[in-house]
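Now for the letters of each chain:
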Amino acid sequence: MKHDEMEDFNSSLESSVKNAYLESVGGNRRGDKEEELEVIKKIILSAKNIVVATNNPKKFKVIKDILLKILDEKNVNILKIEIPTEVSDLTRMPALNKGLIAVDTTDADIVIARGRLGVPGSGSMLLIMDNKGRILTASLSPSSIIHKENIEDAIKNELISALKRIGIDIYSLIF
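Residues numbered from 1 in each chain as written. Predicted model: local features only at pLDDT ≥ 70, side-chain atom pairs only at ≥ 80, totals over all residues. Heavy atoms only, no water.

> So what exactly am I meant to see when it comes to the pairing of strand 3 (residues 110-116) here?
Within a regular strand, the side chains alternate between the two sheet faces. Counting buried positions over the seven residues of strand 3 gives six, a clear majority of the element. Pairing of strand 1 (residues 49-53) with strand 3 involves four bridges; the strand directions are parallel. Bridge pairing links Val-52 to Ile-112 in strand 3. With seven bridges joining them, strand 3 and strand 4 (residues 124-130) adopt antiparallel strand pairing. Bridge pairing links Ala-113 to Leu-127 in strand 4. (Buried < 20%, exposed > 50% of the residue type's maximum accessible area, 1.4 Å probe, protein only. Helix = DSSP H or I, 4+ residues; strand = E, 2+ residues; numbered from the N terminus. Pairing = 2+ DSSP bridges.)

> Help me understand the layout of surface pockets in this model?
Rolled over the atoms, a probe as big as a water molecule pinpoints where empty space is left. In this structure, the largest pocket encloses a volume near 430 Å³. In terms of lining residues, the largest pocket is bounded by 17 residues, among which Leu-13, Asp-32, Ile-40, Ile-135 and Leu-136 are the most central. Of all the elements in the fold, those that place two or more residues in the lining of the largest pocket are helix 1 (3-25), helix 2 (34-45) and strand 5 (135-141). If you tally residues by element for the lining of the largest pocket, the top one is helix 1, at five residues. When its residues are assigned to classes, the lining of the largest pocket shows 10 nonpolar, two polar and five charged. (1 Å grid on protein atoms, 1.4 Å probe; cavity = no way out; pocket = protein on both sides within 12 Å on 5 of 7 lines; lining within 4 Å. Points joined across faces, edges and corners; volume = space filled by probe spheres on them. Nonpolar A, V, L, I, M, F, W, Y, C, P; charged D, E, K, R; others polar.)

> Got a minute to help me understand the sheet that holds strand 4 in this structure?
Across a sheet, paired strands are connected by hydrogen bonds in the backbone, their directions being either parallel or antiparallel. Spatially, five strands are ordered 2-1-3-4-5 in an open sheet, and the strand pairing comes out mixed. Pairing within the sheet leaves two strands with one partner each, and these edge strands are strand 2 (77-80) and strand 5. Looking at each pair of strands side by side, their axes are set apart by 15° on average, direction ignored. Contacts from helix 4 (residues 94-105) reach strand 1, strand 3, strand 4 and strand 5, with the element oriented near 150° to strand 3. (Axes fitted to C-alpha atoms, helices over the stretch in contact; angles between N-to-C directions. Contact = heavy atoms within 4.5 Å.)

> Is there a simple way to think about the side chain of Lys-98 in this case?
Looking at where Lys-98 falls in the secondary structure, it is placed in helix 4. Apart from the residues within four sequence positions on either side, Lys-98 is in contact with Ala-53, Thr-85, Ser-88, Asp-89, Ala-113, Arg-114 and Gly-115.

> Mind showing me how you'd approach the side chain of His-147 here?
Tracing the chain through its elements places His-147 in helix 5 (residues 144-147). A polar contact of 2.9 Å, which involves the side chain of His-147, links it to the backbone nitrogen of Glu-149. With near-sequence residues (within four places) excluded, His-147 lies in contact with Ser-141, Pro-142 and Ala-154. (Polar contact = N/O pair within 3.5 Å; in protein donor to acceptor, adjacent residues only side chain to side chain.)

This is the structure in structure tokens:
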């Protein structure tokens with residue numbers, strides 16, 4: 001993404017966040033607006049530099065394969081983080097902290113992080129964050145003992161769900 005485009009998107013997002021804060025403080029917030037979703041979708045679909053906060057090649061491949069179906073693969077750079085993220089497992093919200101490590105150590109337009117939601121056994125969370133660490137969308141999965149999916153299917157479902165939450169239906173974009 002061109003620097004000017006990213007600044008425009010960030011400016012739009014900052015305006016959206018500010019307006020929502022002011023509406024909430026004034027008691028006038030009545031839910032999400034179409035223009036708020038559009039800003040989030042544009043940030044994700046226009047990203048040129050995406051970092052996935054994982055060292056796991058299987059997790060990375062699933063996420064990259066899905067993203068390449070909805071983004072222009074000639075103009076997007078999708079990388080996995082080059083530093084260990086296991087230290088995040090010592091925190092209260094490992095998935096969030098993995099994402100913040102990537103935000104703080106890369107120049108990504110967006111970061112995708114996936115990890116444990118909270119305490120061991122709490123399930124997992126996949127987050128899509130912007131370059132300031134703001135959460136654009138996310139999805140949750142129950143403990144693997146409950147869903148019994150392999151890691152690849154769990155991550156695929158989480159990413160599809162996170163995108164769908166903001167109106168990006170990957171099936172309509174690829175077919």
